[in-house]
Amino acid sequence: MGLDSGRVSLVGGCSVLHRISSQICGIAWRRVRGWMVLLPCAFLALGASLEADVLVSRKAPQLSGGEIEGSVQVLRPQNTTLKGGLTMTGDLLVPGSPSVQLNGSPTYSGTIDGIGRASPSSHTITIRNHVTMGRVIRRSDPVAFPTAEEPDLPGGRRWVKLDHSSDDPGDFATIGRLVLKQGMTQAVPAGAYASFEAYGGSTFLFGTAGATEPDVYHFNQVHLQGNSAIQILGPVEIRIRYCIDVWGSVGSSEHPEWLTLKLSHTGLDLNAGVVYGTVIAPNGTVSVTNGCQLIGGLWAHRIVSNNGILRCVGGETVNALPNAASFEVATLENTPLEIMLQGSD
């Protein structure tokens, strides 16, 4: 089988002209000395990619109840259990060839194999009763994990607390710790800071309206309490070294693609909040519980959802295997024939 400018040549003189930019599986028949012979053919189309509707968990995720709009890809071959009450609109992509065990009668679209490595096969995927999901796609090789760069060290040492709208924070380049008390709103320029804290519905304003490149903010830690927020006015990248507490909201509900939250040494616990953006936590667990929401993209050392809501919007691009429509076609031996494979992402 050869690949030449988007054309796949099959043995026996047949050829396939692909029309979709994804991974698909096709089949072709040819007549050999009076017999009809099935020729299976699988190929990778040029520029194959699937738009970013995949959440990525390096270790086996813990998923119980709640809702996932999109798919989940697991990078390590580990036992994985999907617990009752979970609704996932997409698929579960896993490496190797694990066995799939159904407990009860989950709503499940079946198991298919991708084109990755077949080994190992020692792990098990368990789908429990009252789970609704797409497919398990085995042989999905791990994808490259994006980097969460270390934040810069804070340049200032001043501790500033703003109680009233008339309070002046002064030169932000000299601020180490900034605290907003109840009901305050404060615009903040990009820079490196030690700690930001907000209480009682206060709001930090990050980013520049109309910007095309992200403003980069560096922190050791961020604490949002009492329905406080970081509101995004334009593209923003937030890098955090140690911890972030969100009892409120981070990002823009209208533009989740504006925010990238990079957690170099920590994870994120969403127990009473919402994040609009892509979260990258290569060394930490991202946990979404009790109806809290993460709307955007997610790359985590481990994903935990206990009745949380995760909606994929924007983010990184991940290759995946779409659905292919099967069909039959006959041709004489050594007679070229062009066929068009049809499939859907």
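The numbers attached to residues start from 1 for each chain and follow its sequence in the written order. Given that this is a predicted model, residues contribute local features only at a pLDDT of at least 70 and side-chain atom pairs are listed and counted only at 80 or more, while totals for whole chains, interfaces and linings are drawn from all residues. Water and hydrogen atoms play no part in the side-chain values, which are based on all heavy atoms of the structure.

Colleague: Please provide a residue-by-residue account of the overall build of the chain, values included.
Modeller: Across its full length, the chain holds 0 helices and 32 strands. Only protein chains enter the accessibility calculation, which uses a 1.4 Å probe. A residue is then buried if its area is under 20% of the maximum for its type, exposed if over 50%, and partly exposed in between. Classification of the 345 residues of the chain by burial places 50% in the buried group. Any two residues whose heavy atoms approach within 4.5 Å are treated as being in contact. Taking the intrachain contacts of the chain between residues at least 6 apart in sequence as the baseline, contacts between residues at least 24 apart amount to 49%. Accessible area for the chain stands at about 15500 Å²; split by element, carbon and sulfur atoms hold 47% of it. Only DSSP runs of H or I covering at least 4 residues are called helices, and only runs of E covering at least 2 are called strands; the numbering of each starts at the N terminus. For accessible areas, the Shrake-Rupley method is used with a probe of radius 1.4 Å. Any residue's cover is judged against the shown protein chains and nothing else.

Colleague: Could you give an account of the pattern of salt bridges, with specific residues and numbers?
Modeller: In the sections that follow, a salt bridge refers to a side-chain nitrogen of Lys or Arg positioned within 4 Å of a carboxyl oxygen of Asp or Glu. Counting across every chain of the model gives 9 salt bridges. Among the charged side chains, a network of salt bridges with common partners joins Glu-149, Glu-237, Arg-239 and Lys-262.

Colleague: Describe the nonpolar core, naming the residues involved and giving the relevant values.
Modeller: In these notes, a set of buried Ala, Val, Leu, Ile, Met, Phe, Trp, Tyr and Cys residues joined through side-chain atoms within 4.5 Å is what counts as a nonpolar core. Within the largest apolar cluster, 57 residues are counted, with the highest numbers of intra-cluster contacts made by Phe-204, Phe-206 and Ile-238. Counting 7 residues, the second-largest nonpolar core is a separate cluster that includes Val-56, Leu-75, Phe-145 and Ile-280.

Colleague: Give me the pairing of strand β27 (residues 274-289): which residues, what numbers.
Modeller: With 14 of 16 residues buried, β27 lies mostly within the body of the structure. We treat two strands as partners when DSSP finds at least two bridges between them. Inspection of the sheet shows strand β24 (residues 236-251) paired to β27 by 3 bridges, in the parallel sense. Bridged to Gly-251 within β27 is Tyr-276. In the sheet, strand β25 (residues 259-263) pairs with β27 via 3 bridges, with the strands oriented parallel. If you follow Leu-261 over to β27, its bridge partner there is Val-279. Pairing between β27 and strand β28 (residues 293-306): 13 bridges, direction parallel. If you follow Val-279 over to β28, its bridge partner there is Leu-298.

Colleague: Hey, could you go over the packing of aromatic side chains for me, with residue numbers and the actual values?
Modeller: By convention, a stacked pair of Phe, Tyr or Trp rings (six-membered ring in the case of Trp) has centres within 6.5 Å and planes under 30 degrees apart, an edge-to-face pair has planes over 60 apart, and any other such pair is tilted. Evaluated as defined, the whole model comprises 9 aromatic pairs. The criterion is that NZ of a Lys, or CZ of an Arg, lies within 6 Å of the ring centre and within 35 degrees of the ring normal, and then a charge sits over that ring. Over the ring of Phe-145 we find Arg-58, and its NZ or CZ is 4.2 Å from the ring centre. When the ring centre of Tyr-199 is taken as reference, the NZ or CZ atom of Lys-181 above it lies at 5.0 Å.

By themselves, these are just geometric observations and shouldn't be taken as functional.
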